[in-house]
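A look at the structure
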Amino acid sequence: MGITLRLAWRNIWRHPRRTLLTLSAIAFAAAILVFMVTLQLSSYDAMIDYTLRVHHGHLQVQPEGYLHKPQIRNTIPDARALGSHVRQLTGLSAVSVRAMGFALASSRARSYGIQVIGVETEYEGKVSTIPGLVKKGRFLSSDDAQEAVMGHVLARNLKLNVGEELTLLGTGRDGSVAATVVPVVGIFESGSAQLDRHLVQLPLGTFQDVFSMGDHAHAIVVLGDSLEEVEELTDAVRFGLPAGSPLVALSWEALIPGLKQAIQMDWASGWFLYLSLIIIVTFSILNTFLMSVLERTREFGIMLALGARPGRIGLLVMLESIWLTLLGLAVGVVIGTVVVFYFHIHGFSYPGMEELAAYYNLPAVIKLALSPLSLTLGPTVILLVTCAAALYPALRIRLLKPVDAMRGV
Amino acid sequence: MSYKFTYRCAALVLYVCATVQPCCADEAADLVKAAINYWRDVSSYSVVDMTIHRPKWERTMTLRVWTRGEKESLVRVIAPAKDAGNGTLLVDNKMWTFSPKINRIIKIPSSMMYQSWMGSDFSNNDVARADDLVYLYTHRLIGTGTREGRKVFVVEAIPFDSAPVVWGKEVIKIRDDYVLLEHAFYDQDMVLVKKLVALEIKQMGGKEIATVERMQKMDNPDEWTQILVKEAGFGINIPANTFTRSNLRNPRQ
């Protein structure tokens, strides 16, 4: 084995120029893949995290069945107490209680069907960026204040401004008519079309009063420190819930499955591009290998005549291709990692991204994350595909007859 | 020449097909119209209990209802006390609601017309647009039967393509004296979604009417809304100013 390995190493340097060309093709492909895969994965994480920070949080405790059929009667009793319990349990202060309902919102000019959410004013700012995105006026002041904040598209549609009165009409928990008139104290621009168009927030106490909720609510929203910890955190909250209560702890993947699906779709379509790149590179490598086998027919003939088994020569050819690929990948990964590391420190941005980022509520620069997965995923796929490609020249050797081969070109 | 000829033939065939109505369409349409007219009369006043039933919960409201002609109705809640004074006014398929808590009249936008009316299994549209069934649908008599010795007609109503209706079809059972026995709503895949059934028919206000009716969602048999008519009068004189927004806000009756 040792001598075959050394032989393979020497063989690939018999044509230094050809080897270097192939090598640079592999290195280039590997470097591009390392960079692109890292960029893609990092922007997904950033996108998910920023989307969740706007409103949904990393996980929520909800009454069982509420997610699929949000009925106002399906509630969490004594929700504020459970909120404090979850706060203690997780050691996080970013835990906020919400009560939700649907209502007809109207101004003097118009009416629209909207979602009304009652929020704990003290904690809402820790789980959601909306309180910080109030562009006109201010956020809700206290849990029992008679006031509302709303999305800027809704405010425009209702022709309402800060200081004017908003009328809400809906159905309370006991089926009674829930109605109130409150002044608008703030208008937010969250960047999410859905929220900006359909959301009105009231202080939790006011909501509970208007919608005859008592001390009940519908969700306890938790925001952890990072996306990676969500699963652990969800389990911790799940086990900490009072035994026998019909409550569930749902991570963001359950709360907004569309987000995960959109990302999976984008990831899959990204791989079409990567696979084309890998296939093109593979063909150029295959070309090199095939050349080196075909031009060495005589040499292989002599080796066979001297008693080398076809399997050994096949192994030799395989090892040559593996050497070449590994060398190329090593160079590529180093270059790719250096580039990624640069953007890890300085953040990645391209022209026009700031506007786009502001629209989708993303940060204007993406800090690339150095993760073993994103650095090795692309190169591993290249290695597997080229190994498979190298099988063909290696297997051809089995067809050689020593005498004919020695007389060959 | 032959192309043109074929084209004309096709046009003629299409024209004939389009103008020939299926058998008995007029009769069926007249039946539906008569049933709706019988139900609304020239005018009516009634007091009803509306019970909303859910698996773990039930609630009853008492309502007073006035109607005049095809286009005007007014509903006012008188019990429970918490909701007393809330009202709904319908004029020309437009709907307004009033709540004393906020002392304001709100017009229900058309986008909300398929939402539930006062938390019940009736949509705002069910309350507002009963006579759409006459004007926006094609009708076909699909069967007859007998119930308690009286003839019952079964009419299938399919909305015009252009009609602003969410249903795929509606099937109405009408007794020979025009009392509506059953009204079933099918979605656009022709799956039965909900059904309004007359559970009791009695003499009241001078004629036979359905005094107990239940709206039942098909996907959950334990969810329904029932209307119990306690008092009714028909063809009575109702002042024209009953159906105005000022009367909705400040009751004169």
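Here the structure is a predicted model, which is why all the values come from computation and not from measurement.

A separate point is the overall build of chain A. Within chain A, the secondary structure is distributed over 15 helices and 10 strands. In terms of C-alpha radius of gyration, chain A reaches 31 Å, well past the compact-globule figure of 22 Å for 409 residues. Each principal axis of the C-alpha distribution contributes one length, and for chain A these read about 100 × 50 × 30 Å. Burial statistics for chain A: of 409 residues in total, 39% are counted as buried.

The interface is formed by 19 residues belonging to chain B together with 15 residues belonging to chain A. Breaking the side of chain B that touches chain A down by element, the ones donating at least two residues are β2 (57–68), β5 (94–99) and β6 (104–107) of chain B. When its residues are assigned to classes, the side of chain B that touches chain A shows 7 nonpolar, 6 polar and 6 charged.

Now for the pairing of strand β1 (residues 59–63) of chain A. Residue and element names in this part refer to chain A. For β1, the buried fraction is high: 5 of the 5 residues fall into the buried class. Both faces of β1 are covered, namely the face carrying Leu-59, Val-61 and Pro-63 and the face carrying Gln-60 and Gln-62. As paired strands, β1 and strand β10 (residues 247–251) are joined by 5 bridges and run antiparallel to one another. Note on β10: the bridge partner recorded for Pro-63 is Leu-247. Of the pairings in the sheet, the one linking β1 to strand β9 (residues 219–222) comprises 3 bridges and is antiparallel in character.

Before going further, it helps to spend a moment on the domain arrangement of chain A. On domain assignment, one finds that chain A holds domain 1 (2–52 + 259–407) and domain 2 (59–223). Computed over C-alpha atoms, the centres of domain 1 of chain A and domain 2 of chain A are 52 Å apart.

Between the first and last C-alpha of helix α2 (residues 16–56) of chain A there are 58 Å, a value that for 41 residues agrees with the 60 Å anticipated at 1.5 Å per step. Gly-57 of chain A occupies a position one or two residues after α2 of chain A and carries a positive phi of about 75 degrees.

Glancing now at the packing of helix α3 (residues 79–90) of chain A against helix α8 (residues 230–240) of chain A. Residue and element names in this part refer to chain A. Between α3 and α8, the least distance of the axes is 10 Å, while the angle of their chain directions is 125 degrees. Classed by the angle they form, the pair α3 and α8 counts as oblique. Of the two possible hands of crossing, α3 and α8 adopt the one that is right-handed. For the pair α3 and α8, the contacting residues are Val-86, Leu-89 and Thr-90 in the first and Leu-233, Ala-236, Val-237 and Gly-240 in the second. Its residues placed into classes, the contact of α3 with α8 shows 5 nonpolar, 2 polar and no charged.

Before going further, it helps to spend a moment on the environment of Ile-142 of chain B. Residue and element names in this part refer to chain B. Here Ile-142 shows up in strand β7 (residues 137–147). The spacing of Ile-142 and Glu-156 is 14 residues in sequence and 6.4 Å in space, taken between C-alpha atoms. Setting aside residues no more than four positions away along its own chain, Ile-142 makes contact with Val-154, Val-155 and Glu-156.

For chain B, the average pLDDT comes to 84, and 89% of its residues sit at 70 or higher. Here residues 16–23 of chain B is a poorly scored stretch, pLDDT under 50, and it has 1 contact once near neighbours within four places are set aside; other chains count.

Bringing the environment of Lys-159 of chain A into the picture now. All names here are of chain A. Secondary-structure assignment places Lys-159 in the loop between α5 (152–158) and β6 (165–171). Expressed as a C-alpha distance, the spacing of Lys-159 and Ser-371, which sit 212 residues apart in the sequence, is 49 Å. Setting aside anything within four residues of it in sequence, one finds Lys-159 in contact with Ser-107, Ala-109 and Arg-110.

A separate point is α3 of chain A. All names here are of chain A. End to end, α3 covers 16 Å across 12 residues, agreeing with the expected 16 Å (1.5 Å per residue, within 8%). When α3 is considered as a whole, its buried residues turn out to be Ala-79, Leu-82, Gly-83 and Val-86. The buried residues of α3 occupy an angular sector of 105 degrees when the element is viewed end-on, so they sit on one face. Every exposed residue of α3 that faces more than 90 degrees away from the buried side is listed here: Ala-81, Ser-84 and Gln-88. Gly-91 occupies a position one or two residues after α3 and carries a positive phi of about 70 degrees.

All names here are of chain A. Counting 81 residues, the largest nonpolar core has Met-150, Ile-220 and Val-222 as its most contacted members. In terms of residue count, the dominant contributor to this core is strand β7 (residues 177–188) (7 residues). Residues from two domains meet in this core; each of domain 1 (2–52 + 259–407) and domain 2 (59–223) gives at least three. Discounting residues that sit within four places of it in the chain, Val-222 has contacts with Gly-57, His-58, Leu-59, Gln-60, Val-86, Thr-90, Leu-92, Ala-94, Val-95, Leu-233 and Val-237. Ile-278, Ile-285, Phe-289 and Leu-319 belong to the second-largest nonpolar core, a separate cluster that totals 35 residues.

Here we come to unusual backbone geometry. The omega angle of the peptide bond from Ala-79 of chain B to Pro-80 of chain B is 0 degrees, so this bond is cis rather than trans. Tracing the backbone through its elements, the reader meets Pro-80 of chain B in the loop between β3 (72–79) and β4 (87–91). For Ser-212 of chain A, which is not a glycine, the phi torsion comes out positive at approximately 50 degrees. Phi at Met-190 of chain B takes a positive value of approximately 65 degrees, unusual for a residue other than glycine.

So, how was this worked out
- Residues numbered from 1 in each chain as written.
- Chains lettered and ligands numbered in written order.
- Predicted model: local features only at pLDDT ≥ 70, side-chain atom pairs only at ≥ 80, totals over all residues.
- Helix = DSSP H or I, 4+ residues; strand = E, 2+ residues; numbered from the N terminus.
- Rg over C-alpha atoms; globule rule 2.2 N^0.38 Å.
- Buried ≥ 20, exposed ≤ 12 C-beta atoms within 10 Å, placed from the backbone.
- Contact = placed C-beta atoms within 7 Å.
- Nonpolar A, V, L, I, M, F, W, Y, C, P; charged D, E, K, R; others polar.
- Pairing = 2+ DSSP bridges.
- Domains from an automatic or database assignment.
- Expected span 1.5 Å × (residues − 1).
- Axes fitted to C-alpha atoms, helices over the stretch in contact; angles between N-to-C directions.
- Parallel < 35°, antiparallel > 145°, perpendicular 65-115°, else oblique.
- Left-handed = near helix turned anticlockwise from the far one by under 90°.
- pLDDT = per-residue confidence, 0-100.
- Arc of directions from axis to C-beta.
- Core = buried A, V, L, I, M, F, W, Y, C linked by C-beta atoms within 7 Å.

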